[in-house]
Amino acid sequence: MISEIRQILKEHGRLATDATTLADDADLYQAGMTSHASVNVMLALEGHFDVEFPDAMLKRGVFASIASIREAIEMLTAGRTA
Amino acid sequence: MTAATPVKVAPPSAAPAANSIDAVRRIAKDIARPNAADVDQKARFPEETIAALKELKLMSALVPADLGGAALGFGEVATMCETLAAGCASSGMVFAMHQIQVACIARHGLSSPGLVKYLREVVEKQYLIASVTSEVGVGGEMRTSIAGVTREGGRYAVNKDATTVSYCEHADDLLLTARRAPEAPPSDQVLVLLKKGDYRVEKTGAWDTMGMRGTCSPSFKVFAQGPEDHVLPVPFADIASHTMVPVSHVLWASVWLGIASSAVSNARAFVRQQARAKPGTVPPTAVRLAEVSSLLQTMRTNVHDVVSEAEDLMTHGGTDALSSISFALKMNNLKVAASQLVVQIVNQTLLICGIMGYKNDSPYALGRHLRDAHSAALMVGNDRILATNASLLLVLKED
């Protein structure tokens, strides 16, 4: 899942550094993600993982790092049968 | 009925606020309004009004009580902005912009001893703080900086080329946005307090504008260095979404409401005078007055409603509520709606007052109102705000 998230960040995060080499817990905002870019990341994640982020999860902290994004997606997909 | 009715005593905290609002009302009527035409004509700073507000210790209205401030609510400060702006929009806007700066420091700077000390000084000395968020080359995007802060040996240094710094030459201190470090990405910003003596400015342009002339907001180059603990300890992204943007939109909208109320009160006086000239007939302008009074009510209800919701969230809500998309949308919607309504309302009052509103030397003059009102859609352009909302709406789900 991490590599899929990295790919989405690479395509939509408009980061100043390469998303494929970024540490899982690196701060994406410090890596240059703007709030506008974070909206595109959310949309791409929703499309790719077929999830909907509820409003309560649409906050800065959830999209702050690759690890926090993974945590959120895992929460949304928990209980799904593969 | 002889039973004693319990006397309703206002809670102690409400009393000084009510007194200060009354005092601001007097300042608006006795100082701001009589000087408004001169401030506008000469594009000069409304110094007598700001001096009177300092005397009332209102520069520290939003400083917490344990630091000596009045700890007023945003709603009370919003009422003050509205009241002042009804007398002189530039005065109301200067007061509003100062309060926005204080709110950012008071809500996000308290973990820095240097900033706590500074807030105590604001209480004691009634400093006026100006904002340096604009910058040449970023195209008006507040969340982007080119200038970066360097830190060495407990000191910060930063230089910035700003496009507009309101009342810069009349302020004591400045609050400036910049990249966290020169090599940080443009959106990774911090907010820095530049104390008098820690900075110098070079004026690079003039301020000869259509309206809001008394805010005196030319372009400046700013050069600063000072103690590192004057860099606010939280990312500017959080300060912007939790405080600067909501407080700005709430207080600006209140200023615009003041402009609209003042224009409508000119129109009402004009229609009453027409009615008195011909008792028994309703002047044709009275229908337009009825129309504009309904518009004003719409605007007032919207502003007051969002002000009290924002105050509630900012006082009791957690950071989650403040960083939610629905809160950002609501604050942006208020800005867009109020900035459009104020122009619409002043336009209508001009149709009512006719030539008597058009003439600058008439008691019903509306030229200044109209010119001031047109600034509303431009200070953070509505198109930019609508574009932001458009992208927020892509991810917002209905409850």
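Residue positions within a chain follow its written sequence, with the count starting from 1. Lettering for chains starts from A, numbering for ligands starts from 1, and both go in the order in which the items are written. Residue-level local features of this predicted model are given only where pLDDT is at least 70; pairs of side-chain atoms are given and counted only at 80 or more, and the full residue set underlies all totals for whole chains, interfaces and linings. Only hydrogens and water are set aside; all other atoms, that is, all heavy atoms of the structure, feed into the side-chain values.

Draft legend 1. Representation of the packing of aromatic side chains in the model. We call Phe, Tyr and Trp rings a pair once their centres come within 6.5 Å, taking the six-membered ring for Trp, and we label the pair stacked below 30 degrees between planes, edge-to-face above 60, and tilted otherwise. One pass over the full model with this rule turns up five aromatic pairs over all chains. Seen from their ring centres, Phe45(B) and Tyr167(B) are 6.4 Å apart, and the 40 degrees between their planes marks the pair as tilted. With Phe45(B) in the loop between helix H1 (14-42) and helix H2 (47-55) and Tyr167(B) in the loop between strand E3 (155-162) and strand E4 (173-179), this residue pair connects regions lying 122 residues apart in the sequence. When a residue's accessible area, from a 1.4 Å probe over protein chains only, is under 20% of the maximum for its type it is buried; when over 50% it is exposed; and in between it is partly exposed. Looking at Phe45(B), the relative accessible area reads 7%, which means it is buried. One cation-aromatic arrangement involves Arg60(A) over Tyr29(A); the distance from NZ or CZ to the ring centre is 3.6 Å. Sitting over the face of the ring of Phe223(B), Arg200(B) holds its NZ or CZ atom 4.2 Å from the ring centroid. Strands are runs of DSSP state E lasting at least two residues, helices are runs of H or I lasting at least four, and both sets are numbered from the N terminus onward. Here, a charge over a ring means that NZ of Lys or CZ of Arg falls within 6 Å of the ring centre while also lying within 35 degrees of the ring normal.

Draft legend 2. Spotlight on the packing of helix H3 (residues 74-87) of chain B against helix H7 (residues 285-316) of chain B. Residues and elements named next belong to chain B. Their axes nearest at 9 Å, the elements H3 and H7 cross at an angle of 145 degrees. On the side of H3, the interface is formed by Phe74, Gly75, Ala78 and Glu82, while H7 contributes Arg300, His304, Val307, Glu311 and Met314. Here the contact of H3 with H7 is composed, by residue class, of four nonpolar, two polar and three charged. To obtain an axis, a line is fitted to C-alpha atoms, over the contacting stretch when the element is a helix, and the angle between two such axes runs from 0 to 180 degrees between their N-to-C directions. In this analysis, two residues are considered to be in contact whenever any of their non-hydrogen atoms come within 4.5 Å of each other. Polar here means any residue outside two lists: the nonpolar Ala, Val, Leu, Ile, Met, Phe, Trp, Tyr, Cys and Pro, and the charged Asp, Glu, Lys and Arg; Gly therefore counts as polar.

Draft legend 3. Spatial organisation of the environment of Lys330(B). Residues and elements named next belong to chain B. With respect to the helices and strands, the residue Lys330 is situated in helix H9 (residues 325-353). Of the residues examined, Lys330 reaches a relative accessible area of 33% and is grouped as partly exposed. Filtering out sequence-adjacent residues up to four positions away, Lys330 remains in contact with Val306 and Glu309. Polar contacts, as counted here, are pairs of nitrogen or oxygen atoms within 3.5 Å of one another; within protein the pair requires one atom able to donate a hydrogen and one able to accept it, and residues that are adjacent in sequence qualify only if both atoms are side-chain atoms. Here the side chain of Lys330 touches Glu309 through a polar contact of 2.9 Å, side chain to side chain.

Draft legend 4. Examining the pattern of salt bridges more closely. We count a salt bridge whenever a side-chain nitrogen from Lys or Arg sits within 4 Å of a carboxyl oxygen from Asp or Glu. Tallied over the full model, the rule gives 22 salt bridges over all chains. One salt bridge connects Lys397(B) with Glu46(A), and the closest N-O pair in it is separated by 2.4 Å. Taken together, the positions of Lys397(B) in the segment after helix H12 (382-395) and Glu46(A) in helix H2 (residues 35-49) put the pair across two chains. Across the pair, Glu46(A) and Lys397(B) agree in class, each one buried. Asp40(B) is paired through a salt bridge with Arg371(B); the nearest N and O atoms lie 2.6 Å apart.

Draft legend 5. Structural context of the interface of chain B and chain A. Listed by partner, the interface residues are 18 residues for chain B and 18 residues for chain A. Across the chain B to chain A interface the summed buried area is about 1,400 Å²; carbon plus sulfur atoms make up 56%. At the surface where chain B touches chain A, the tally comes to two salt bridges. For the salt bridge of Asp238(B) with Arg60(A), the shortest nitrogen-to-oxygen distance reads 3.4 Å. Breaking the side of chain B that touches chain A down by element, the ones donating at least two residues are helix H6 (236-277) and H12 of chain B. If one sorts the elements of the side of chain B that touches chain A by residue count, H12(B) sits on top with four residues. Note: buried area is the sum, over both parts, of the accessible area (probe 1.4 Å) each one loses when the two are combined.

Draft legend 6. Focus on helix H5 (residues 113-125) of chain B. All names here are of chain B. Helix span, expected: 1.5 Å multiplied by one less than the number of residues in the helix. In a regular helix each residue adds 1.5 Å, so 13 residues correspond to 18 Å; H5 covers 18 Å between its end C-alpha atoms and thus fits that length. Taken together, the buried positions of H5 are Gly114, Leu115, Val116, Tyr118, Leu119, Glu121, Val122 and Val123. One or two positions beyond H5, positive phi appears at Gln126, with a value near 55 degrees.

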